[in-house]
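# Secondary and tertiary structure notes
Residues per chain are reported as follows:
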Amino acid sequence: MAFKAEYLWIDGTEPTAKLRSKTKIVADGAELPIWGFDGSSTNQAPGDKSDCVLKPVFVCPDPLRGGDNVIVLCEVLTIDGAPHRTNTRAECSAVAAQYGDQESIFGIEQEYTFFKDGRPFGFPIGGGYPAPQGGYYCGVGADEVFGREIVEKHMDACLAAGLHLSGINAEVMPGQWEFQIGPVGAPQVADELWVARWLLYRIAEDFGVSATLDPKPVKGDWNGAGAHTNFSTKAMRENYDAIITACESLGKRVEEHIAGYGAEIEHRLTGMHETAPWNVYSYGVSDRAASVRIPWQVQVEGKGYIEDRRPNANCDPYVVTKLIIETCCAALAD
Ligand code: ADP
Ligand code: MN
Ligand code: MN
Ligand code: MN
């Protein structure tokens, strides 16, 4: 029987790209073909030269449709077969391959916020604010936790799709949650994260809820949403000198990293709410007010991984992982 292939791609919306998808019916046994779309509707092409190309790069079972149906994440190419300007995956793959011998792996903590009827899910109907932050993080009970039904469905869907989801938790602000993907190499970790984001939007859609990656969904004394990126190479998993080399190297390319870590990062990295100021680099053991944290057990064991706490929830994980490999692996190769 023919099956449904949901082709996903990343569009050209600025400053933060969005996911798009459409369905192709594929004959039983047939290969997943190259496909195309109207780039003039996605900020990827002018109307008189509107065709863009979809090249399948990551395929997994479709946990929502079930059966033989699949999700097909694509790279966007121009009609002459070159990576489109919005295609950040191509460069991520190239840099990851260049430093492939260092065996980089990543675990990305994706924070997000549910919105319903124009306000964060759990904020009072009719306006105003809920009780201040304090009880919501990893909370339980109808007064603390909002949207768990969606979160559970999303977790099951990610596992059924074969993604490397490693956990979920309720976050500091009501309606705010996190899931983690990894540890796996790049670009795969980013492929899986984009598919997991799509599944989140799609599942929440059925509940009349939207999930947003806005890095600062509520102004004022409410936590922002990040995408802490945990990283290690083979050397870092074996010795502490490599951990320090990686931390030091990140301090030498602060502007490049901040520029690639998601739009409006300066609104989130204020120095408050468990963040370091965006323009001052620091690293430290156990320090959640540092740009980069060395987990305490990594210091104890003298090996492991580091956590770059700066990436925004709305970051492009192809860009983030590319930057980290480029900076840290070049320093570790010296
Ligand atoms: P936090 O304490 O900051 O909330 P989490 O448990 O949410 O941390 O996320 C930690 C992430 O780090 C997980 O995705 C995990 O898979 C990943 N991780 C664990 N070990 C490594 C490693 N050696 N290299 C890269 N990532 C790792
Ligand atoms: Mn976490
Ligand atoms: Mn978190
Ligand atoms: Mn973290």
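To keep things clear, this report deals only with the structure shown in the data block. (Residues numbered from 1 in each chain as written. Chains lettered and ligands numbered in written order. Predicted model: local features only at pLDDT ≥ 70, side-chain atom pairs only at ≥ 80, totals over all residues. Heavy atoms only, no water.)

This next bit is on the coordination of the manganese ion (ligand 4). Within the protein, Glu109 (OE), Glu109 (OE), His228 (ND1) and Glu307 (OE) serve as the donor atoms for the manganese ion (ligand 4), at 2.0 to 2.5 Å. Read in sequence order, the donor residues for the manganese ion (ligand 4) give the motif E-x118-H-x78-E. Between the manganese ion (ligand 4) and the manganese ion (ligand 2), both coordinated by Glu109, there is a metal-metal distance of 3.9 Å. Of the two residues, His228 is situated in the loop between strand E10 (210-212) and strand E11 (229-232) and Glu307 in strand E14 (residues 306-308); the sequence distance between them amounts to 79 residues. Grouping residues by exposure puts His228 and Glu307 together as buried. (Donors = N, O, S within 2.8 Å, 3.2 Å for Na, K, Ca; no water. Helix = DSSP H or I, 4+ residues; strand = E, 2+ residues; numbered from the N terminus. Buried < 20%, exposed > 50% of the residue type's maximum accessible area, 1.4 Å probe, protein only.)

Right, let's talk about the packing of helix H1 (residues 89-98) against helix H8 (residues 317-333) for a bit. Axis separation between H1 and H8 bottoms out at 9 Å; the angle between their running directions is 25 degrees. Between H1 and H8, the interaxial angle falls into the category roughly parallel. In this structure, H1 meets H8 at a crossing whose hand is left-handed. Residues Arg89, Glu91, Cys92, Val95 and Ala96 of H1 form the contact with H8, whose participating residues are Tyr318, Thr321, Lys322, Ile325 and Glu326. A class-by-class count of the residues in the contact of H1 with H8 yields five nonpolar, one polar and four charged. (Axes fitted to C-alpha atoms, helices over the stretch in contact; angles between N-to-C directions. Parallel < 35°, antiparallel > 145°, perpendicular 65-115°, else oblique. Left-handed = near helix turned anticlockwise from the far one by under 90°. Contact = heavy atoms within 4.5 Å. Nonpolar A, V, L, I, M, F, W, Y, C, P; charged D, E, K, R; others polar.)

Burial analysis of strand E6 (residues 105-116) places ten of its twelve residues in the buried class, the great majority of the element. Here E6 runs beside strand E9 (residues 176-184); their pairing, made up of seven bridges, is antiparallel. Bridging from a neighbouring strand, Glu111 pairs with Glu178 of E9. Relative to strand E7 (residues 119-120), E6 runs antiparallel, the two sharing two bridges. Bridge pairing in E7 links Phe115 to Pro120. What sits between the antiparallel neighbours E6 and E7 is a turn of two residues, in which Asp117 has the positive phi angle 50 degrees. (Pairing = 2+ DSSP bridges.)

All of the protein donors around the manganese ion (ligand 3) are Glu111 (OE), Glu171 (OE) and Glu178 (OE); their distances to the metal are 2.1 to 2.2 Å. In the primary structure, the donors to the manganese ion (ligand 3) are separated according to the pattern E-x59-E-x6-E. Separation of the manganese ion (ligand 3) from the manganese ion (ligand 2) amounts to 3.9 Å, with Glu178 serving as a shared donor to the pair. The pair Glu171 / Glu178 is uniform in exposure class, with both members buried.

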